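Below are the chains, spelled out letter by letter.
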Amino acid sequence: MSGSKSGLPDILDNVRRVTSIQPEEFIENHLLSQQPVIITDTQAGAEISAVTTQEAVVKAFGDVVIQVQRNYTSPLSRNAAEARRQGLSQKVRNRIEEMRLEEYLAHVDADPQTDLLCVEYRTPERIHDALRVPDVCALPGAAEDLVSFTFVANRGNYAHLHFDGDFREVLLYQVFGRKRVVMVPLAAQEKISPSMNFSKVLLQNMAAEEKLDLLRYLGAYDCVISPGEAVYFPASIWHYVEYLDTGMSVNFRFGRDDFARKVVDANRVPFYPELHQLLSLLKEVPETPERAGLQDKIWTEISSTLRQEHTDSRARHRATQEMYRRLVADLLAPGELPRQVATDCPVAEQMAVERHDAPSKRWREELMLGDPL
Ligand SMILES: O=C(O)CCC(=O)C(=O)O
Ligand SMILES: [Fe+2]
């Protein structure tokens, strides 16, 4: 059975909700233990706290320009199996257009099924000025600035199950409309068949009950956020989002510490699941000399492998992937080496090679990544 009396889908509803939270408690109970939380009052007193409907957004920000593109995971839809076999990495080739926010929302009203959406767009100044950066977003060890992105899409649209390559902690604030947010811990990533930072599991095509069963099996977090609420995504956690209404969100991507920044940015292509698993396991090691020793070992290995010459991007990809697998297995999760995606997932390899070879590095600037080694 799908749908409950409130018109919302049945969900696991297993994310803690708090009105506000002190940074120390947030770090202790959520950040270090990588537990999501919903904070309902991060914008008290800020202009945006009164802008919680489509009408109010059009009035306040209607003439702000946003960039829209087709949902770049559309090739994964039921009707596009052929495109899907050609690979997942549509983002690199997507055509991007500019539109005023009010124009986009009028387009959605005229064509409710549109595939166009605004995703990971640097938050325009006018909107940023209406926001208050929540206290929890300023981490004591941050070695860089916070970044903010804006997302706008129509009811029925979605964000395919993925993780973000920058290893930043994220707080996603819901401006208007409701969103279902699902998160899958990195510990379960072998079960969702990663293809670099995209899962090959199509949650968006599943029936409600089937989806719930899978989420239980994965130990996923599953919640709905409403206007005015913000949800914390631990760095690199896998996430999937459903637009239950047409809506808009703004995220705050915290500055990383020196080590995470150095390691992620060193990669020409930072979307290796095992790289993120490594950093997330490391987060759980207390700040001791043992951790400093681990970090030195990791950096020595990474900087030497990433500096090596390779005959082509495929060889570079394989060597990089192999190195991250070994580091996870040797240093942090002794035991079985994860499956070789290179041999069972040509799509992952294709995605990585395409990223390596893409002449445009604009995506690095958009993600605010520094220069690779
Ligand atoms: O809300 C969305 O559409 C996706 C959010 C997301 O992927 C992110 O904040 O990284
Ligand atoms: Fe994301």
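Look up a bit, the structure's there.
Not measured: the values here are computed from a predicted model. (Residues numbered from 1 in each chain as written. Chains lettered and ligands numbered in written order. Predicted model: local features only at pLDDT ≥ 70, side-chain atom pairs only at ≥ 80, totals over all residues. Heavy atoms only, no water.)

**Remarks on the sheet that holds strand β15 (residues 247-253)**
- What the 9 strands build is an open sheet, ordered β1-β2-β13-β8-β15-β6-β5-β3-β4; its pairing is mixed. Each edge of the sheet is formed by a strand with only one pairing partner; in this case those strands are β1 (17-18) and β4 (97-100).
- Pairing geometry for strand β5 (residues 116-122) and strand β6 (residues 147-153), over 3 bridges, is antiparallel. Bridge pairing in β6 links Cys118 to Val152. (Pairing = 2+ DSSP bridges. Helix = DSSP H or I, 4+ residues; strand = E, 2+ residues; numbered from the N terminus.)

**Remarks on the packing of helix α2 (residues 54-61) against helix α4 (residues 101-110)**
- Look at α2 against α4: their axes get within 9 Å of each other, and the N-to-C directions meet at 150 degrees. Accordingly, the angle class assigned to the pair α2 and α4 is roughly antiparallel. The residues of α4 that touch α2, namely those facing Gln54, Val57, Val58 and Phe61, are Leu101, Glu102, Leu105 and Asp109.
- For the contact of α2 with α4, the residue count by class is 5 nonpolar, 1 polar and 2 charged. (Axes fitted to C-alpha atoms, helices over the stretch in contact; angles between N-to-C directions. Parallel < 35°, antiparallel > 145°, perpendicular 65-115°, else oblique. Contact = heavy atoms within 4.5 Å. Nonpolar A, V, L, I, M, F, W, Y, C, P; charged D, E, K, R; others polar.)

**Some words on the packing of aromatic side chains**
- Applying the stated criterion across every chain yields a total of 4 aromatic pairs.
- A ring pair is formed by Phe163 and Trp238, whose centres lie 4.9 Å apart and whose planes are at 85 degrees; its orientation type is edge-to-face. Of this pair, Phe163 sits in the loop between β7 (158-162) and β8 (170-176) while Trp238 sits in strand β14 (residues 238-243); the two residues are 75 residues apart in sequence, bridging distant segments of the chain. By the burial criterion, Phe163 is buried, and Trp238 matches it.
- Ring plane angle 40 degrees and centroid distance 6.0 Å describe the contact between Tyr272 and Tyr324, whose orientation is recorded as tilted. Note that Tyr272 is positioned in the loop between α7 (258-266) and α8 (273-283) and Tyr324 in helix α10 (residues 313-332), a separation of 52 residues in sequence. There is no split in this pair, since Tyr272 and Tyr324 are both buried.
- Members of the aromatic cluster, connected to one another through ring pairs, are Phe26, Tyr232 and Phe254.
- One cation-aromatic arrangement involves Lys191 over Tyr217; the distance from NZ or CZ to the ring centre is 4.6 Å.
- Here the guanidinium or amino end of Lys262 rests over the ring plane of Trp299, the centre of that ring lying 4.5 Å away. (Phe/Tyr/Trp six-rings, centres within 6.5 Å; stacked < 30°, edge-to-face > 60°. Buried < 20%, exposed > 50% of the residue type's maximum accessible area, 1.4 Å probe, protein only. Lys NZ or Arg CZ within 6 Å of the ring centre and 35° of its normal.)

**Section: the nonpolar core**
- Counting 93 residues, the largest nonpolar core has Ile48, Phe61, Tyr104, Leu171, Val231 and Tyr324 as its most contacted members.
- The leading source of residues in this core is β8, at 6 residues.
- Domain assignment of the residues forming this core places at least three in each of domain 1 (17-253) and domain 2 (258-366).
- Sequence-distant contacts of Val231, that is, excluding residues within four places in its chain, are made with Val37, Ile38, Val170, Leu171, Leu172, Val181, Met183, Cys223 and Ile225.
- Of all hydrophobic cores here, the second largest spans 16 residues; its members include Tyr158, Phe163, Val201 and Leu218. (Core = buried A, V, L, I, M, F, W, Y, C linked by side-chain atoms within 4.5 Å. Domains from an automatic or database assignment.)

**Section: the coordination of the iron ion (ligand 2)**
- For the iron ion (ligand 2), the full set of protein donor atoms is His162 (NE2), Asp164 (OD) and His239 (NE2), at a range of 2.2 Å.
- You can call Asp164 buried: its relative accessible area is 12%. (Donors = N, O, S within 2.8 Å, 3.2 Å for Na, K, Ca; no water.)

**Concerning the site of ligand 1**
- By nearness alone, every residue bordering ligand 1 is listed as Phe151, Ala159, His162, Asp164, Leu172, Lys179, His239, Val241, Tyr243, Asn251 and Arg253.
- Within the contact set of ligand 1, an oxygen atom lies 2.8 Å away from a side-chain nitrogen or oxygen of Asp164.
- Taking Asn251, its side chain carries an N or O atom lying 3.0 Å from an oxygen atom of ligand 1.
- Bound to the protein, ligand 1 loses 97% of the 290 Å² it would expose on its own.
- Breaking the shell around ligand 1 down by element, the ones donating at least two residues are β7, β14 and β15.
- No other element matches β14, which puts 3 residues into the shell around ligand 1.
- By residue class, the composition of the shell around ligand 1 is 5 nonpolar, 3 polar and 3 charged. (Near = heavy atom within 4 Å. Polar contact = N/O pair within 3.5 Å; in protein donor to acceptor, adjacent residues only side chain to side chain. Areas by Shrake-Rupley, 256 points an atom, 1.4 Å probe, with all protein chains shown as cover.)

**Brief notes about the pattern of salt bridges**
- What the rule picks out here adds up to 24 salt bridges.
- Across the pair Lys283 and Glu169 runs a salt bridge whose closest N-O atoms are separated by 2.7 Å. Within this pair, whereas Lys283 is found in helix α8, its partner Glu169 is found in the loop between β7 and β8, the two being separated by 114 residues in sequence. Glu169 carries the same exposure label as Lys283, and that label is buried.
- Residues Arg261 and Asp258 are paired through a salt bridge, measuring 3.5 Å at the closest nitrogen-oxygen approach. Of the two residues, Arg261 and Asp258 both sit in helix α7, 3 residues apart, roughly one turn of that helix.
- Judged by its relative accessible area of 29%, Arg261 falls in the partly exposed class.
- What emerges from the salt-bridge pattern is a single network uniting Glu144, Asp164, Asp166, Arg168, Arg253, Arg256 and Asp265. (Salt bridge = Lys/Arg side-chain N within 4 Å of Asp/Glu carboxyl O.)

**Quick look at the packing of helix α9 (residues 289-307) against α10**
- Interaxial distance between α9 and α10 falls to 10 Å at its minimum, and their mutual angle equals 165 degrees. As the angle between them shows, α9 and α10 are arranged roughly antiparallel. For α9 against α10, the interelement crossing comes out right-handed. Of α10, the residues touching α9 (which contributes Leu294, Lys297, Ile298, Glu301, Ile302, Thr305 and Leu306) are Arg316, Ala319, Thr320, Met323, Tyr324, Arg326, Leu327, Leu331 and Leu332.
- Tallied by class, the residues present in the contact of α9 with α10 amount to 10 nonpolar, 2 polar and 4 charged. (Left-handed = near helix turned anticlockwise from the far one by under 90°.)

Fair warning: the whole summary comes from geometry, so function is off the table for now.
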